[in-house]
Each structure stands twice: as structure tokens, then as C-alpha cells.
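Spelled out from the first residue to the last, the chains are:
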Amino acid sequence: MIETRKLTKRYGDLIAANEITLKLEEGDVFGFIGPNGSGKTTTMRMIATLLNPDYGECYVCGKSIYTHPQEIRRLVGFMPDFFGVYDDMTVIEYLEFFAATYRINGPGRRKVCEEKLELVDMSFKRDAMVNQLSRGQTQRIGLARTLLHDPQVLLLDEPASGLDPRARIEIRNLLKRLGELDKTVIVSSHILPELADVCTRVGIIEAGVMQVDAYVADVMKQARKALLLYIEVADRTDEAARLLEQQDDVESIDMRGETIITTLRKGVEDYSALPSLLVEAGFRLRLFREEEVNLETAFMELTKGKQQ
Ligand SMILES: Nc1ncnc2c1ncn2[C@@H]1O[C@H](COP(=O)(O)OP(=O)(O)OP(=O)(O)O)[C@@H](O)[C@H]1O
């Protein structure tokens, strides 16, 4: 659906996007994560054929951005991070205006607009003036506008920025729905946790360089390979740590205050013998819990050693 090979954009001495190589399939919701100025917008604009690369290839649905930009624009819905809305227009008029620019005409036009409004949960505002909507509602109308021509590929540049927590959740639910509709979605954000649970894949970009690009499920699996246990006993902590250290399933022990941080050997998932071992040895357990897999930590772990 989207394939880039060494896609590169320079501004003078600055390499805004540095050899970005990416392959996304139908139904992939790709979280494009990076700090301000890391090259997310630049990359998305090149894919959307709005910006010419200096180097590299990019195909959208098998079509090259160099030879078939018009076709690609029909296949792509690009939602910029800032877009203007017009005064003196109602929501439905606004959408109809853009539908007309996509040459969606006749009686079907109103129907398409109503459908997209429904999809973004904004039907209740169809007759409101666009310049009187909240930021979250404006974002949702922007998304409806991006969806009007039923694009196969969606490029959404920070759709959740500036939204309150409730509106963020709504945008996330919407993203999930788009993935389920088999669209290919690239959605950018500054922060990973915002997108981690709705994306199938995550790419982390820093200073124009893609540091990590991985399927969320694989990263979770990898993060799960070595389980961490947090263990506390009422007294004789050192003794308990030594006992744990001697067990075959335990890779290493680390102390953090009173807590014995126990790393299990790769592949060990059943640790049910450990609490009974401690109890039978006379220790009174105060805490025994498995570390929750934190996707952000797992991804950051993957970027270690890659950063200059
Ligand atoms: N037209 C331009 N001329 C010169 N430099 C530019 C231009 N557009 C972007 N840049 C620079 O390229 C780099 C990447 O910018 P880009 O907008 O792609 O980042 P971003 O990851 O989308 O950032 P943000 O999260 O702030 O939107 C930045 O250093 C930016 O200043």
C-alpha cells in the first residue's frame, strides 16, 4: 500500500528526512512517533505528493509519486496538523464544499457528507457554524473532510494534538475503526502512549532518521521474553534474594531499596513455584508482582544503541 525506499529530503544542510524506508500493508495503522522537528510532516507530505523528495522512491498502492501524483492524490486523504476552516459556513456546507472539490456531485454528495459526519460522531453538529466548534470537534470535521473521497490511504498529522483527554480517546477509537475498514493509516504524534494501543505498528523517528519500525505485537512479545518480578519480604531481604538467585528459572537479581527485582530467564513464563518457595522457607511475602509490559519502555529499549 505504501512503500518508501531511502526517501530523503534536505533543507540546505539539514536532512529533514534521511533515507526513510517503510512498507505498510492494508489495515496497518502506523504510529509515527517523534519529537518536534524530527521529520514526520516532511515524510508524510512526500508520501502525499505535496513535497518533492531529493532522493529515494515512494509508491502508494503501487504507483510512483514521481509518475502518478494525480492518481495518488485520489487514493490518499491527508489531514495536516493545522487546517483552516471558513467562516459563515455550517458543518454540512463545509463538507459539501470539499466534496464538490473532489467532484462528488449530484444527490449522492449530501449522503456521503452525512455518512462521514456519522463516522466521526458529529451528526449532531451538522447545522452548527464551523467557526464555532471546539478544537476537538474541528479536528473531527477535518477528519470527516479527509475521508470524503473514501481514500484507501490516510495520512493524519497529529490529529490528537491540543485535544482534551476525552476527545483524544474519541480520535483513538476512530483510528481503530479505520484500521478495521482495511485502510492504511499513518498517524503522527509526539508521544507513544497516546497511540500505542491503537496502532498495529510503530515507527520512531529522531532527527530525520527512523530509529525503530516494528509491529506492536512483536515488540510486546520481545518485551515479554524476559519477565521481571517485583518481590518484597517482611524481613531477611538479603537472604530471600540469595535464595531466589539460586533458582534455575532466575537470570539475575537486582535490589531497589527493599524490593528484589528478579529477572527470569528468557522463555520462563510460569513462575508459580517462586512464591511458595519463599513462603516454605519462612519468608513473609509483602509484594509479589509481575512488571507490566510497558510498550513505551519496550520501544525505547529497542532504540538503545541506535542513537548517536
Ligand atoms: N520549508 C522548510 N524549510 C526549511 N526547513 C524546513 C522546512 N520544513 C521543515 N523544515 C525543517 O525540517 C525539519 C523537520 O520538520 P517536520 O515539520 O517534518 O518535523 P515534524 O516531525 O513534523 O515536527 P512537529 O512535530 O513539530 O510537527 C525541522 O527541523 C524543520 O525546521
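Computed from a predicted model, the values in this text were never measured in an experiment. (Residues numbered from 1 in each chain as written. Predicted model: local features only at pLDDT ≥ 70, side-chain atom pairs only at ≥ 80, totals over all residues.)

### Section: unusual backbone geometry
Now for step 1: Of note in this structure, E19 is not a glycine but carries a positive phi near 55°.
Now for step 2: Looking at where E19 falls in the secondary structure, it is placed in strand β2 (residues 14-24).
Now for step 3: Located in the positive-phi region is R103, a residue other than glycine, with phi close to 60°.
Now for step 4: Structurally, R103 can be placed in the loop between α3 (91-101) and α4 (108-119).
Now for step 5: Judged by C-beta crowding, with 9 C-beta atoms within 10 Å, R103 ranks as exposed. (Helix = DSSP H or I, 4+ residues; strand = E, 2+ residues; numbered from the N terminus. Buried ≥ 20, exposed ≤ 12 C-beta atoms within 10 Å, placed from the backbone.)

### Section: the environment of K40
Now for step 1: Examined against the element boundaries, K40 turns out to sit in helix α1 (residues 40-47).
Now for step 2: Between the C-alpha atom of K40 and that of A207, which follows or precedes it by 167 residues, the distance is 9.7 Å.
Now for step 3: Excluding anything up to four places from it in sequence, K40 contacts F32, G34, S188 and I205. (Contact = placed C-beta atoms within 7 Å.)

### Here we look at the packing of α3 against α4
Now for step 1: Interaxial distance between α3 and α4 falls to 9 Å at its minimum, and their mutual angle equals 120°. Overall, the two elements α3 and α4 adopt an arrangement that is oblique. With respect to the hand of their crossing, α3 and α4 are arranged in right-handed fashion. Two secondary-structure elements touch here, α3 through I92, L95, E96 and A99 and α4 through R109, R110, V112, C113, K116 and L117. (Axes fitted to C-alpha atoms, helices over the stretch in contact; angles between N-to-C directions. Parallel < 35°, antiparallel > 145°, perpendicular 65-115°, else oblique. Left-handed = near helix turned anticlockwise from the far one by under 90°.)

### Quick notes on the domain arrangement of the protein
Now for step 1: Under the domain assignment, the protein is made up of domain 1 (2-218) and domain 2 (228-290).
Now for step 2: Spacing between the C-alpha centres of domain 1 and domain 2 amounts to 47 Å. (Domains from an automatic or database assignment.)

### Topic: the site of the ligand
Now for step 1: Neighbouring residues of the ligand: 13 residues in total, closest Y11, A16, N36, T41 and T42.
Now for step 2: For the shell around the ligand, the secondary-structure elements that each account for two or more residues are β2 and α1.
Now for step 3: The element best represented in the shell around the ligand is α1, accounting for three residues.
Now for step 4: Classifying every residue of the shell around the ligand gives three nonpolar, eight polar and two charged. (Near = placed C-beta within 6 Å. Nonpolar A, V, L, I, M, F, W, Y, C, P; charged D, E, K, R; others polar.)

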